[in-house]
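Secondary and tertiary structure notes
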Amino acid sequence: MERFFVDKKDCRELRPFPGVSMFVKTGDRMSLSLVEMAAAAVIPLHQHPHDQMGLMLEGEGEFTIGDEVRQVRAGMMWSIPGGVPHTITAGPNGLRALDAFYPIREDYR
């Protein structure tokens, strides 16, 4: 691995739920996760103390954050304060998204 550049194959790969893959890089103060979800895959309702901001790169999904539900498509972003419950279900073609977390997610190391 290069000092400043990271290849996806050098990231920690997590498969926390069926049809969900995460490729994670953790720095000194934040974590970045490339999320790939198969069609209709679900990340169940959960919450964590980290602030989370994300960008939908490809595909779409139904995203519930707190009491708001939205169809999120490529190019759309989200901002989730720590402690707010959220869940996402991938659309019929799956999705790819990028999530940043602050502070770092020790569970993603």
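Since the structure is predicted, the reported quantities are computational estimates derived from the model, not experimental observations.

1. Brief notes about the overall build of the protein chain
Within the protein chain one finds zero helices and eight strands. Helices (α) and strands (β) of the protein chain occur, in sequence order from the N terminus, as β-β-β-β-β-β-β-β. Compactness check: the protein chain gives a C-alpha radius of gyration of 13 Å against a globular reference of 13 Å for 109 residues, within 12% of the reference. Referenced to the eigenvectors of the C-alpha coordinate spread, the extents of the protein chain come out at roughly 40 × 30 × 25 Å. Considering the protein chain as a whole, with its 109 residues, one finds that 37% of them fall into the buried category. Look at the contacts in the protein chain between residues 6 or more apart in sequence, and 60% of them connect residues 24 or more apart. Summing over all exposed atoms, the protein chain offers an accessible surface of approximately 6,700 Å²; the carbon and sulfur share of this is 55%.

2. Digging into the pattern of salt bridges
Evaluated as defined, the whole model comprises eight salt bridges. For E36, the salt bridge goes to K8, with nearest N and O atoms at 2.8 Å. A residue pair is termed long-range when its members are at least 10 positions apart, and E36 in strand β3 (residues 31-37) and K8 in the segment before β1 (12-17) qualify at 28 residues. Linking K9 and D10 is a salt bridge whose minimum nitrogen-to-oxygen distance equals 3.7 Å. With relative accessibility at 34%, the residue D10 sits in the partly exposed group.

3. Structural notes on the pairing of β1
Note: β1 against strand β2 (residues 20-26), four bridges, orientation antiparallel. In the sheet register, E13 faces β2, and the bridge partner there is F23. Hairpin connection of β1 to β2: two residues between the antiparallel strands, including G19 at a positive phi of 80°.

4. Here's the deal with the side chain of T87
Take T87: it is sitting in strand β8 (residues 86-102). Polar side-chain contacts of T87 include one of 2.6 Å to the backbone oxygen of I43. If near-sequence neighbours (up to four positions away) are discounted, T87 is found in contact with V42, I43, P44, L45, E62, F63 and T64.

5. Focus on the nonpolar core
Ranked by internal contacts, the top residues of the largest apolar core, which has 19 residues, are M22 and M37. At the level of elements, β2, β3, β5 (51-65), β7 (77-80) and β8 are the ones that each hand at least two residues to this core. In terms of residues, this core owes the most to one element, β8, which gives five residues. If near-sequence neighbours (up to four positions away) are discounted, M22 is found in contact with R12, E13, L14, P16, S33, L34, V35, I43 and Y108.

What counts, and at which threshold
Residues numbered from 1 in each chain as written. Predicted model: local features only at pLDDT ≥ 70, side-chain atom pairs only at ≥ 80, totals over all residues. Heavy atoms only, no water. Helix = DSSP H or I, 4+ residues; strand = E, 2+ residues; numbered from the N terminus. Rg over C-alpha atoms; globule rule 2.2 N^0.38 Å. Buried < 20%, exposed > 50% of the residue type's maximum accessible area, 1.4 Å probe, protein only. Contact = heavy atoms within 4.5 Å. Areas by Shrake-Rupley, 256 points an atom, 1.4 Å probe, with all protein chains shown as cover. Salt bridge = Lys/Arg side-chain N within 4 Å of Asp/Glu carboxyl O. Pairing = 2+ DSSP bridges. Polar contact = N/O pair within 3.5 Å; in protein donor to acceptor, adjacent residues only side chain to side chain. Core = buried A, V, L, I, M, F, W, Y, C linked by side-chain atoms within 4.5 Å.

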